Structures are given as structure tokens and as C-alpha cells.
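What the coordinates show
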Amino acid sequence: MTTRRVRRIRRNPHAQSDERRSAETPDAPNPRTVVGAGSTLGPHAVVGAGARLGAGSILSAGAFVAPGAAAGARTRLGPAACVGPESSLGADVVMHAHAAVKHCDVGDGAVVHQHASAGDDGFGFFLGLSSGTDDSTKRELQKKPQTFRVTIGARCEIGAGARIDRGSWRDTCLGENTKLDNLVHVGHNARVGANVTLCGFAGVGGSAVLGDFVVMGGKAAVRDHASVCAGARVAAKAGVTSDIHTPGDYAGFPAVPAGRWRRAVASRRRREGEEEC
């Protein structure tokens, strides 16, 4: 009589626990990457996991859409342009070469030129105790967290090399159809209204507020926490150090009504001429 030996196969206990765990807990959501119909991706362009790219979009060589980010229909990303984390673009947005946004919402039809960026940390520091010591006399600069966002309205245009910082206690906002020239800086927490024009090298301090239709000439600046009313125009190289409540033209440092500034300049020149004589 022949005896057959039966070999018993033991199951992996770890596999059993994994199966039990998967049965007890619902499946985690699996983010799905969506590339809209008719979109074109150039060499080395990347659309991250869970990102959404609208129909008819064009990504040039090296363009990047971060995981979870979203870009609307007919988006145009130039070479090495970057849509960073926690960002969304509306329809018909154009970002030129090396432009970058992160922690940012961009409205329909906005244009971001070369090397411009939005959503980087604002410039905020405070004096705190030196790390690793209880000596209250030893202090060092410490970074204030910058955890809020940037909102750029529809049809805005951000010039080459311009910077818009993300907020520390509220979102930094640009209203609809606002135009920034090259190398303009908008500090964290600032609120810039609609149809505002900021010429080259203009600076808007942190937490400042600009009303609608404000114009700032080249190299003009508004100090932090100052407010400029709607319709005011600030001349080139002027410095706004206090709130402006009345629409009109302002010039000089500190900025005053332009007529007053012109009279002061004319008076000074007359005095200088008399002294030379």
C-alpha cells in the first residue's frame, strides 16, 4: 500500500493581518492625474500625480505642474515654468519661461512674464531667544511663519522679475486687471485693488492697502501698513509714509500733494540761486 505525503502550506501571518486591515478600513482615495483633451506636453514636461490640466493646454519643454495643482483650459506654460504646490490657474492663463507660482490662485486670462514669481515666503523676522540657551540676553533673528496664500485676479499682468510674497496673517491679494511692471515687489499681506498700475521697481510694503485705480510711478514706494485711497497717483521715486485719504497726485519724500511739492522745489531753487549770487 502506497502512502501519499501531503505537504501543508502555512500562510504568512503578516499577509493575513494586512488582509484583515484592508477589510476593516476603507480604501484611501487614489488621486487621478487628468490631462485635458487636445493638450500638448513638450519634452520633459511633467504633470504631477493628482494634478489637473485643462483641455487645449500647452506645456513647453521642462514645464512643471506640481502634484495636486490645477490649471484651467488653454493654459500656456513656457519653458521651465512652474505651477507649484497648492496652486490653481484659471482658464487662458499664460506663464512665460521660468515663471513660478506656489500657494497661489491665479484668475482667468492672467499673464505672468519671465522669472516672475508669486507665493514665496514674505520677509518677516523677529528677535527671539537664541536656540539652545536660556540666557535672555542672547537673542537672534527668527523667521515668522508665512502660511497664507496669494490671490491674483483675472486679467492681471505680472512683469518680468516681479515678486508677490505670500501672507503671514492674511492672503496677499491683487484685484482684477491690475498691472505690474518689471521688478515690482508686493510685500506679504498687502491688498492691491483692481485696475492698479505699478511701474518698474515700485514697492508695496507688507500689509499695505492700495485702492482701485491707484497708479505708482517708477521706484515709488508705499511703507508697510500704509493705505492709499482709490484714484490716487504717486509720482516716480515718491515715498508714501502715511495714509493717503484724498484722490489726486502725490510726489516727494515723504509724499505730499504734487502741487505743494512743486512749490517747495521752486522755492528751494530760488533760494539756492540767491545764495549763488
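Residues numbered from 1 in each chain as written. Predicted model: local features only at pLDDT ≥ 70, side-chain atom pairs only at ≥ 80, totals over all residues. Heavy atoms only, no water.

With that out of the way, let us pick up the side chain of Gln146. For Gln146, the position within the fold is in the loop between β17 (139-143) and β18 (150-152). On the accessibility criterion, Gln146 (5% relative accessible area) is buried. Polar side-chain contacts of Gln146 include one of 3.5 Å to the backbone nitrogen of Gly122. When residues no more than four places from it in sequence are discounted, the contact partners of Gln146 are Asp121, Gly122, Gly124, Arg166, Gly167, Ser168 and His188. (Helix = DSSP H or I, 4+ residues; strand = E, 2+ residues; numbered from the N terminus. Buried < 20%, exposed > 50% of the residue type's maximum accessible area, 1.4 Å probe, protein only. Polar contact = N/O pair within 3.5 Å; in protein donor to acceptor, adjacent residues only side chain to side chain. Contact = heavy atoms within 4.5 Å.)

One pass over the full model with this rule turns up one aromatic pair. Here the aromatic rings of Phe123 and Phe125 are separated by 5.2 Å at their centres, their planes lie at 70°, and the arrangement is edge-to-face. Residue class for Phe123 comes out exposed when judged on its relative accessible area of 71%. Judged by relative accessible area, which is 42%, Phe125 ranks as partly exposed. Taking the ring centre of Phe201 as reference, the NZ or CZ of Lys219 above it sits at 5.8 Å. (Phe/Tyr/Trp six-rings, centres within 6.5 Å; stacked < 30°, edge-to-face > 60°. Lys NZ or Arg CZ within 6 Å of the ring centre and 35° of its normal.)

Further remarks concern unusual backbone geometry. Between Phe253 and the following residue, Pro254, the backbone shows a cis peptide bond with an omega angle of -5°. Notably, Ala80 is not glycine yet its phi reads approximately 65°, a positive angle. Here Ser207, not a glycine, exhibits a phi torsion of approximately 65°, which is positive. The topology assignment puts Ser207 in the loop between β26 (203-204) and β27 (209-210). Relative accessible area serves as the criterion here: at 8%, Ser207 is assigned to the buried category.

Let us now look at the confidence of the model for the protein chain. On average, residues of the protein chain score 90 in pLDDT, and 88% of them are at 70 or above. Across residues 6-29, where pLDDT falls below 50, the model places two contacts with residues more than four positions away in sequence or in other chains. (pLDDT = per-residue confidence, 0-100.)

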